[in-house]
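A structural walkthrough
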Amino acid sequence: MTSGRQYKVGVLGATGTVGQRFIALLAEHPFFVIHALGASQRSAGKPYNKAVNWKQTQPIPSAVREMVVQECKPEHFQECAVVFSGLDADVAGNIEQSFRLAELAVFSNAKNYRRDPQVPLIVPLVNTSHYSMIPQQRSLHQPPLKKGFIVTNANCSTTAVVVPLAALERAFGPIESCIITTMQAISGAGYPGVPSLDILDNIVPHISGEEEKIEWETLKILGGLAQGDDGLKEFDMHTKQPLRISASCNRVPVVEGHTECVSVRFARRPPPSPQQVREALQAYTSEAYTIGCPSAPRHTVFVHEEPDRPQPRLDRDYQSGAGVCVGRVRQCRVLDIKFVVLANNVAIGAATSSIINAEYAVLKGIIGAQA
């Protein structure tokens with residue numbers, strides 16, 4: 001545990017939608033204390049309440065209302081043990097790299113480094129073992145880094161599905177095939193998001209790049225670590241037991257909460273029964289919760305027995321949106337098992353994942369104590 005220590009943290013992209021969510025979640029955190037806020041040159045130099053168009057349901061936390069926004073430069077964040085990045089992808093890459101080179105620990109919600117072969121792509125309810133890649137990430141820099149690193153969390157729609165898939169692979173062994181159809185909330189497109197005339201009374205059956213993200217990111221997250229021919233660690237992309245994934249992504253007129261219909265085929269024959277699957281999902285517990293990460297949910301997967309659940313409006317805020325909800329577990333006549341999963345895309349699908357990732361790094365000593 002942290003033994004009462006507090007850790008100064010910074011937020012990049014603090015005026016944006018994800019940045020605001022970081023601030024709302026961190027305002028009452030037991031050991032993270034917001035120390036610095038970063039945004040564009042347009043916002044830099046202003047008090048936070050004058051720089052932001054606040055869109056959260058609670059007021060701006062008093063601790064940051066008058067905090068002066070800085071440019072996203074490492075020199076303004078040197079006292080921070082953790083830097084959370086809610087930056088847009090078009091600017092995140094170079095900024096996050098500069099923070100890593102300045103020996104800062106960066107936990108990013110952006111997509112820029114998810115495919116980097118040295119950067120862990122971590123859903124904290126699933127693959128915290130991938131933190132073991134960080135020493136190699138540091139060592140490959142010239143000169144080698146002592147403290148700096150980047151960890152990314154996954155795309156929001158990927159996060160929803162990998163949690164139950166991880167639970168099922170832990171209980172029953174490898175999954176061979178997976179078909180996913182998403183119904184994704186408009187908040188996943190950021191603010192101001194999808195134009196009202198496009199989404200009201202409508203479904204948009206295309207989200208640019210989303211299907212490729214699910215199909216690729218799932219393999220990196222559920223795969224293990226192997227030793228390459230050059231002696232370095234590498235992500236094995238689930239190649240020991242190839243996993244085929246087909247995703248179809250749709251934008252629907254829901255504000256928050258991604259719902260996904262999932263069908264899976266197991267390598268083992270005969271496959272588990274629907275009841276065995278329900279029991280395995282209910283029994284699944286993340287290491288993040290086990291070691292005491294304060295934001296990790298008690299129920300990693302909540303399994304609904306009702307035939308019409310989960311539903312976004314009713315279930316997205318259960319456990320503050322930090323877990324996932326599964327329902328309608330039943331036999332699939334084409335594959336083996338099918339079910340519905342719901343995840344809060346602006347909580348565990350975004351800022352909450354980064355915060356749990358940082359909590360884990362602190363509790364495991366990957367991030368050292370501050371004086």
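Refer to the structure printed above.
Residues numbered from 1 in each chain as written. Predicted model: local features only at pLDDT ≥ 70, side-chain atom pairs only at ≥ 80, totals over all residues. Heavy atoms only, no water.

Attention now moves to the sheet that holds strand β11 (residues 258–266). Ordered in space as β10-β7-β11-β14-β13-β12, the six strands form an open sheet in which the pairing is mixed. Each edge of the sheet is formed by a strand with only one pairing partner; in this case those strands are β10 (244–251) and β12 (301–303). Shown here is a sheet whose adjacent strand axes are inclined to one another by a mean of 20 degrees, direction ignored. Sheet strands touched by helix α6 (residues 156–172): β7 (175–184), β11, β12, β13 (324–331) and β14 (337–343). Its angle to β11, the strand with the most contacts, is close to 30 degrees. Along the sheet, helix α8 (residues 210–222) makes contact with β7 and β10, crossing β10 at roughly 145 degrees. (Pairing = 2+ DSSP bridges. Helix = DSSP H or I, 4+ residues; strand = E, 2+ residues; numbered from the N terminus. Axes fitted to C-alpha atoms, helices over the stretch in contact; angles between N-to-C directions. Contact = heavy atoms within 4.5 Å.)

It is worth spelling out the layout of surface pockets at this point. In this model, the second largest pocket occupies a volume close to 340 Å³. What lines the second largest pocket is a set of 17 residues, and nearest its centre among them are Ala24, Leu25, Ala27, Glu28 and His29. Broken down by secondary-structure element, the contributors of at least two residues to the lining of the second largest pocket are α1 (17–26) and α12 (347–363). The residue makeup of the lining of the second largest pocket, split by class, is nine nonpolar, six polar and two charged. (1 Å grid on protein atoms, 1.4 Å probe; cavity = no way out; pocket = protein on both sides within 12 Å on 5 of 7 lines; lining within 4 Å. Points joined across faces, edges and corners; volume = space filled by probe spheres on them. Nonpolar A, V, L, I, M, F, W, Y, C, P; charged D, E, K, R; others polar.)

The next point concerns α6. Here α6 spans 25 Å end to end across 17 residues, near enough to the 24 Å set by a 1.5 Å rise per residue. For α6, the principal kink sits at valine 162 and spans about 25 degrees; a proline, proline 164, occurs within the next four residues. Burial within α6 is extensive, with 15 of its 17 residues counted as buried. Once α6 ends, the next one or two residues include glycine 173, with phi positive near 85 degrees. (Expected span 1.5 Å × (residues − 1). Bend = angle between axes of the 7 residues up to and from the residue. Buried < 20%, exposed > 50% of the residue type's maximum accessible area, 1.4 Å probe, protein only.)

Following arginine 269, the chain continues to proline 270 via a peptide bond in cis, the omega torsion being -5 degrees. Structurally, proline 270 is set in the loop between β11 and α9 (274–283). Here the amide bond leading from arginine 309 into proline 310 is cis, since omega sits at 10 degrees, within 30 degrees of zero. Assignment of secondary structure puts proline 310 in the loop between β12 and α11 (312–315).

This part covers the nonpolar core. Formed by 85 residues in total, the largest nonpolar core has its most connected members in Phe32, Tyr48, Phe84 and Phe107. If sequence neighbours within four positions are ignored, phenylalanine 107 has contacts with Val82, Val83, Phe84, Ser85, Tyr131, Phe149, Val151, Ser354, Asn357, Ala358, Ala361 and Ile367. Judged by nonpolar contacts, the second largest core, of 16 residues, contains Phe77, Cys80, Ala92 and Val119. (Core = buried A, V, L, I, M, F, W, Y, C linked by side-chain atoms within 4.5 Å.)

For the pair α6 and α9, the least separation of the axes is 9 Å and the interaxial angle reads 110 degrees. Comparing their axes, α9 and α6 come out roughly perpendicular. From α6, Pro164, Ala167, Leu168, Ala171 and Phe172 reach across to α9, where they touch Gln276, Val277, Ala280 and Leu281. In terms of residue class, the contact of α6 with α9 is built from eight nonpolar, one polar and no charged. (Parallel < 35°, antiparallel > 145°, perpendicular 65-115°, else oblique.)

Across the sheet, which stays open at both edges, the six strands sit in the order β3-β2-β1-β4-β5-β6 with parallel pairing between neighbours. Two strands in the sheet have a free side with no partner beyond their single neighbour: β3 (70–71) and β6 (149–152). Pairing of strand β1 (residues 7–12) with strand β2 (residues 32–39) involves six bridges; the strand directions are parallel. Considered in β2, the bridge of valine 9 is made with isoleucine 34.

As a further point, take the environment of glutamate 211. Looking at the secondary structure, you find glutamate 211 in helix α8. Dropping the residues within four chain positions of it, glutamate 211 is found in contact with Ala247, Ser248 and Cys249.

Worth remembering: the numbers are spatial, not functional.
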